[in-house]
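# Per-entry structural report
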Amino acid sequence: MFAQVVFPLPFRNAFTYSVPKEMAAMLQIGVRVVVPFGKRTLTGFVVGTSDTNEAEEKTKPLFDILDETSVFNRTDLKFYEWLADYYLCSLGEALKLAVPYGLEVESKRKIIADTNICSALYLKEKDKASIKGKILKTLLDKEEISISTLQKVIKKKNIYSALQSLEREGALNVLTLLSEAKVRIKTANFVKLSKPLADVYECIPEIENRSPKQVAILLELISKKNKPESLAQLLKKTDTTKSSVDSLVKKGLVEIFEKEIERKYKDEYQEQLQNFELTDKQKSVITEVSGSIEKEEFQTYLLHGVTGSGKTQVYIELVKNVLSLNKTALILVPEISLTPQITSRLYNNFGDSVTVLHSRMSMGERYDSWRRILNKKSKVVVGARSALFAPLNRLGLIVVDEEHDASYKQTDMIPKYNARDAAIVLGKIKNCPVLLGSATPSIESMYNALSGKFKLLTLPDRVDNAKLPKIELVNVIIERKKKKMENVFSKTLLNKIEDRLKKKEGTIILQNRRGFSTQIYCNDCGEIEICTNCSVPMVYHINKNILQCHYCGFIKDVPKVCFNCGSHSVKYFGTGTERVEDELSYYFPNAKVKRVDSDTVSRKSSLGKMLLEFGRGEIDILVGTQMVSKGLDFSRVTLVGVISAETSLWIPDFRADERTFQMLTQVAGRAGRSQIEGEVIIQTQNEKRFALQKVLLGDYEGFYQKEIADREKMGYPPFTRICLIETKDEDDQKAKGAIMDFYKELLVYKKYLNISPPSPAIISKLKGSYRYHMLIKSSKDNDPGGKILQKALFGAFAEFNRKSRYRNVKLFFDVDPQSVV
């Protein structure tokens, strides 16, 4: 028997391995296996089995099979094959998404150095700047180092010949060690009675005289009515030691056994279960989607419902219908900030059948949640984009809440998939409906709905007769001339906040920048404090009194003088959430102000705790980044203030207007979600901007009509499919040379594609690497499925690898990028 195995590496082909007879019964498509791969040991995925060996060369046998049940089946495999094809990665890289991080078994190569020999060789070495010289210098300080760390330290990948030479000279040994999975099943010792109660009671008088502590243990176990008790808890409750339990084991009265402990994620945030009266519009939407659920037919629905129109309740009612048919449901939310409230409502309705999956969970919690789903103990999964790959069986419905949100796009790792678009393909493969919900649908989704590809459903009114908030634009330039500005606040906004504090109503303030000041510059020479690793300004954080880069995390001390000219005239410019929080505390010293951004919610359950306090009225003002614009539903919020509408408008990106319209409409929707009408104050430097005027009027349709006309004229999605190609390297010339060589190969296909010439990325240096970008557009009229684009990229890539002297520089392909920055 033979197995076809793929690896989470950039190889597009499968590798054949022989299957030892003792493993043949366990082998099936969808299990993970440990196999030899060159000189390494890796974990791979079985994607096929056969009785004959199609590979001509001799095959190596599998070492081990890691799974008893398949992680994916043949139907799931179709989905991962599509993901790999569309997002231009290998099947193994796509399948890596099917399992939680930390389950890989692989070999690591470690260098053990002899420092005496290294020191002697380093003194003899004439070229200290050579690879050999750099390795010897590094090994003088570190006796043990992994090969990957050494490559990073000396900034060279091809170090193997130098290592072999040094190994022959006795300066070092290269060891291959097998590293186990980082996460595994958690177990603990439990204790239970091993004899009937009557026999135990009979033994107590005899034991009592000699060991009262043993009696305490027996009485505690008797009180549990023969339910097992954790050994640690038992010893703590009875104030005894393990030797007492061991004595009872010898007497045959109790037994100790190992039991799995499930690590369950629990959020601080909880709500009371409420009974809602559904509106006629909600009932109509539920009836429409339920038809597709019952018929097991694929259909994509776009639910365009204004903020506060009860979309979450629609999702809950649909999940009830799904569970009544013994099927499962998947609910995707864009970010962690949305999870506490929607999760609490799902738990209230569906109890333990709900499982949460997101990045704030520990590795063990994610693993246990994933195993619950795999073992069919959970029927409802809610989470951020990675929850899309949960191993749900009999999928009956996929919901993508706030479908317009950019965080559904994976930007850091390969494949760079969009969870919303991938969810639609998954629904098609699994024959189940997909419901996309938003108050501000993306231009692409609305275009698909109006052209008949999706079915458009609407919820035009808020529930409980609540009115949409009154919005006011305040021009800060005019206000400053009239002396009506107090630092970053207009007097209009300060007066409104004061009014809400007197009425004990809640206020949300949005400023979509972290930190205190977003730039530090010299008033004499004009130099800005720029990050050493990135071409972006450092941000001042007042709480820690540091400068920090928000792209690479680099930190340095606040300068007392200008680094360029030595002047003491160093100025702080720009406004972040810390400054807004600081000024609010100054103007309203008795108000309880809390900040919600990635600096304050990094600790587990900190966001849930904050939202709980805000809901109870223990926090008066919530200041935050775009986190506060999404999904928060508090009836006590009657005022929303936006410090600067321009933070996203000035980004040089074709989606800048759309992002601004969506964010401002969403944050405005947090106000007035009850009988009390809400107010929104948006501070701006130009209130005549088209996007801001449409926010003021609440006119999504008018905004869509202009935006879609501009997109068609300029050749942007939804009329074209775009792919952003990026090269990056620590050497600027290499990064530039690689993209120029790839561009030359791509020009062969210029009659089918619109290819922009390469240029430095807008953020030209990031995390120490220089970046170059090239944008390719493929018309959807000529290339509806993206096959021409795919063929061109693969063809050019093959030629680039064959001809270019910069073939070692990595190329990154981002299909359907959410940002071209």
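Owing to the predicted nature of the structure, the values given are computational and were not obtained by experimental measurement.

## Description of the overall build of the chain
Check the secondary structure of the chain and you find 25 helices and 36 strands. For a compact globule of 821 residues, the expected C-alpha radius of gyration is about 28 Å, and the chain comes in at 31 Å, within 12% of that figure. Viewed in the frame of its principal axes, the chain has a C-alpha envelope of about 85 × 80 × 65 Å. Relative to its 821 residues, the chain shows a buried fraction of 53%. Accessible area for the chain stands at about 39,200 Å²; split by element, carbon and sulfur atoms hold 48% of it.

## With respect to the sheet that holds strand 9 (residues 187-193)
Two pairing modes exist for strands in a sheet, parallel and antiparallel, and in both the strands are linked by backbone hydrogen bonds. Reading across from one edge, 10-9-11 is the order of the 3 strands in this open sheet, with antiparallel pairing throughout. One side of each edge strand has no neighbouring strand; the edge strands of this open sheet are strand 10 (229-230) and strand 11 (254-260). Pairing of strand 9 with strand 11 involves 7 bridges; the strand directions are antiparallel. Its bridge partner lying in strand 11, K192 is registered against E255.

## Focus: the nonpolar core
Within the largest apolar cluster, 115 residues are counted, with the highest numbers of intra-cluster contacts made by Y80, L388, I725, F742, L746 and L793. Residues within four places of L388 in sequence aside, it is in contact with F79, L330, L332, A419, A422, A423 and L426. Within the second largest apolar cluster, 27 residues are counted, among which are I286, V289, L346 and V382.

## Points about helix 16 (residues 443-450)
Spacing of three or four residues puts side chains on the same side of an α-helix, whose turn is 3.6 residues. Of all 8 residues that make up helix 16, 6 are buried, and the element is covered over most of its length. If you check which residues of helix 16 are buried, you get I443, E444, S445, M446, N448 and A449. Next to the buried residues of helix 16 lie strand 12 (300-305), helix 15 (419-430), strand 17 (434-438), strand 18 (455-459), helix 21 (656-668) and helix 23 (700-714). Of the residues one or two after helix 16, G452 is the one with positive phi, at around 95°.

## Examining the sheet that holds strand 30 (residues 637-642)
Taking strand neighbours across the sheet as the criterion, the 6 strands line up as 19-31-30-22-29-28 in an open arrangement whose pairing is parallel. One side of each edge strand has no neighbouring strand; the edge strands of this open sheet are strand 19 (470-475) and strand 28 (593-596). Mean inter-strand twist for the sheet, computed between neighbouring axes without regard to direction, equals 20°. Relative to strand 29 (residues 621-624), strand 22 (residues 506-510) runs parallel, the two sharing 4 bridges. When the sheet's bridge partners are listed, T507 is paired in strand 29 with I621. Contacting strand 22, strand 28 and strand 29, helix 19 (residues 577-587) runs over the sheet at an angle of about 175° to strand 28. This element, helix 22 (residues 690-697), spans strand 19 and strand 31 (679-684) of the sheet and lies at about 150° to strand 19.

## A look at the packing of aromatic side chains
In this structure the tally under the stated criterion is 33 aromatic pairs. Here the aromatic residues F45, F72, F79, Y80, W82, Y86, Y87, F389 and Y417 are joined through ring pairs into a cluster of three or more. Positioned over the ring face of Y367 is R371, at 5.5 Å from the centre of the ring.

## Focus: a positive patch on the surface
Taken together, the side chains of K134, K155, K156 and K734 define a basic patch exposed on the protein surface. On the secondary structure map, K134 appears in helix 4 (residues 131-141). By relative accessible area, which is 31% here, K134 ends up partly exposed.

## Examining the packing of helix 21 against helix 23
Where helix 21 contacts helix 23, the axes come no closer than 11 Å and their chain directions differ by 165°. Classified by the angle their axes make, helix 21 and helix 23 are roughly antiparallel. In this structure, helix 21 crosses over helix 23, and the sense of that crossing is left-handed. Of the residues in helix 23, those in contact with D657, E658 and F661 of helix 21 are Y700, F703, E707 and R711. For the contact of helix 21 with helix 23, the residue count by class is 3 nonpolar, no polar and 4 charged.

## Points about unusual backbone geometry
The step from I414 to P415 runs through a cis peptide bond, and the omega angle for that step is 0°. For P415, the location among the structural elements is in the loop between strand 16 (395-401) and helix 15. For the peptide bond that leads from P717 to P718, omega is 15°, which places it in the cis range. Along the chain, P718 turns up in the loop between helix 23 and strand 32 (720-729). Even without being a glycine, K376 presents a positive backbone phi close to 60°.

## A few points about the pairing of strand 29
Side chains of strand 29 alternate between two faces, with I621 and V623 and L622 and G624 buried alike. Here strand 28 runs beside strand 29; their pairing, made up of 4 bridges, is parallel. Looking across to strand 29, one finds that R595 is bridged to V623.

## Re the pattern of salt bridges
In total, this model carries 44 salt bridges according to the counting rule given. E144 is the partner of K110 in a salt bridge, and the nearest nitrogen-oxygen pair spans 3.3 Å. Here K110, found in strand 6 (residues 106-113), pairs with E144, found in strand 7 (residues 144-146); they are 34 residues apart in sequence, far enough to count as distant. For D597, the salt bridge is made with R595, and the minimal N-O distance between the two is 3.0 Å. With respect to class, D597 is no different from R595; both count as buried. The network of salt bridges with shared partners includes K496, D499, R500, K503, E505 and E679.

What counts, and where the lines are drawn
Residues numbered from 1 in each chain as written. Predicted model: local features only at pLDDT ≥ 70, side-chain atom pairs only at ≥ 80, totals over all residues. Heavy atoms only, no water. Helix = DSSP H or I, 4+ residues; strand = E, 2+ residues; numbered from the N terminus. Rg over C-alpha atoms; globule rule 2.2 N^0.38 Å. Buried < 20%, exposed > 50% of the residue type's maximum accessible area, 1.4 Å probe, protein only. Areas by Shrake-Rupley, 256 points an atom, 1.4 Å probe, with all protein chains shown as cover. Pairing = 2+ DSSP bridges. Core = buried A, V, L, I, M, F, W, Y, C linked by side-chain atoms within 4.5 Å. Contact = heavy atoms within 4.5 Å. Axes fitted to C-alpha atoms, helices over the stretch in contact; angles between N-to-C directions. Phe/Tyr/Trp six-rings, centres within 6.5 Å; stacked < 30°, edge-to-face > 60°. Lys NZ or Arg CZ within 6 Å of the ring centre and 35° of its normal. Patch = residues over 30% accessible without salt bridge, like charges linked within 9 Å, V, L, I, M, F, W, Y side chains within 5 Å. Salt bridge = Lys/Arg side-chain N within 4 Å of Asp/Glu carboxyl O. Lys, Arg positive; Asp, Glu negative; His and termini not counted. Charge placed at Lys NZ, Arg CZ, Asp CG, Glu CD. Parallel < 35°, antiparallel > 145°, perpendicular 65-115°, else oblique. Left-handed = near helix turned anticlockwise from the far one by under 90°. Nonpolar A, V, L, I, M, F, W, Y, C, P; charged D, E, K, R; others polar.

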